[in-house]
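# Understanding the architecture of this molecule
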Amino acid sequence: MMEKKHKKEAKDMATVPEKLKEANAQVDLRIDDIWEQAENNLKRLEEEFRHRKGESNNK
C-alpha cells in the first residue's frame, strides 16, 4: 500500500516540470495581452491629450 503511494508521488513529481512549463507559458501569454492593452491605452491617451491640447490652443 505504501509502495503504491510512493510510486504515485514520484509520478506526480515527474509531471511538475511539465506543469510549470505550461503555467509559465500561460503567464507569458497573459503578460503579452496586458502589455498590448497598456500600449493601446497609452496610444489612446496620447491621441486624446493631443486633441485636447489642440482645442485649448484654438481658444
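Everything discussed here concerns the structure shown above.
First, a word on scope: everything that follows refers to the structure included in this document. Every chain is numbered on its own, with residues counted from 1 as its sequence reads. Reporting of local features is limited, given that this is a predicted model, to residues whose pLDDT is at least 70; pairs of side-chain atoms are given and counted only at 80 or more, and all residues count toward the totals for whole chains, interfaces and linings. Water and hydrogen atoms were dropped before computing side-chain values, which therefore reflect all heavy atoms in the structure.

Secondary structure elements are taken from DSSP: a helix is a run of H or I of four residues or more, a strand is a run of E of two residues or more, and numbering for both begins at the N terminus. Looking only at helices and strands, one finds 1 helix and 0 strands in the protein. Dimensions of the protein, computed from the C-alpha atoms along their principal axes, are close to 85 × 15 × 5 Å. For every residue, the accessible area obtained with a 1.4 Å probe (protein chains only) is divided by the maximum for its type, and the residue is called buried under 20%, exposed over 50%, and partly exposed between those limits. Taking all 59 residues of the protein together, the buried fraction comes to 0%. Averaging the locations of the 14 positively and 14 negatively charged side chains of the protein gives two centres separated by 4 Å. Think of it this way: Lys and Arg go in the positive column, Asp and Glu in the negative one, and His and the chain ends go nowhere. One atom stands in for each charge, and that atom is NZ of Lys, CZ of Arg, CG of Asp or CD of Glu.

Here we take up the pattern of salt bridges. Whenever a carboxyl oxygen of Asp or Glu lies within 4 Å of a side-chain nitrogen of Lys or Arg, that contact is scored as a salt bridge. The final tally for this structure, using the stated rule, is 2 salt bridges. In this structure, the salt-bridge partner of Arg44 is Glu48, at a minimum N-O distance of 3.8 Å. Remark: Glu48 and Arg44 occur in helix 1 (residues 2–57); sequence separation between them is 4 residues, near one turn of the helix. The class for Arg44 is partly exposed, based on a relative accessible area of 44%. For Glu48, a relative accessible area of 31% puts it in the partly exposed group. We note a salt bridge from Glu48 to Arg52, for which the minimum N-O separation is 3.1 Å. Of this pair, Glu48 and Arg52 both sit in helix 1, separated by 4 residues, roughly a single helical turn. Here the salt bridges do not stand alone but share partners, grouping Arg44, Glu48 and Arg52 into one network.

With that out of the way, let us pick up a negative patch on the surface. Patch membership requires more than 30% relative accessible area and the absence of a salt bridge. Residues of like charge join within 9 Å; the nonpolar side chains Val, Leu, Ile, Met, Phe, Trp and Tyr join within 5 Å. Areas reported as accessible are Shrake-Rupley estimates using a 1.4 Å probe. Residue values count occlusion only from the protein chains shown. A surface patch of like charges, here negative, comprises Asp28, Asp32, Asp33, Glu36 and Glu39. Here Asp28 shows up in helix 1.

Spatial relationships are all this shows, so hold off on functional conclusions.
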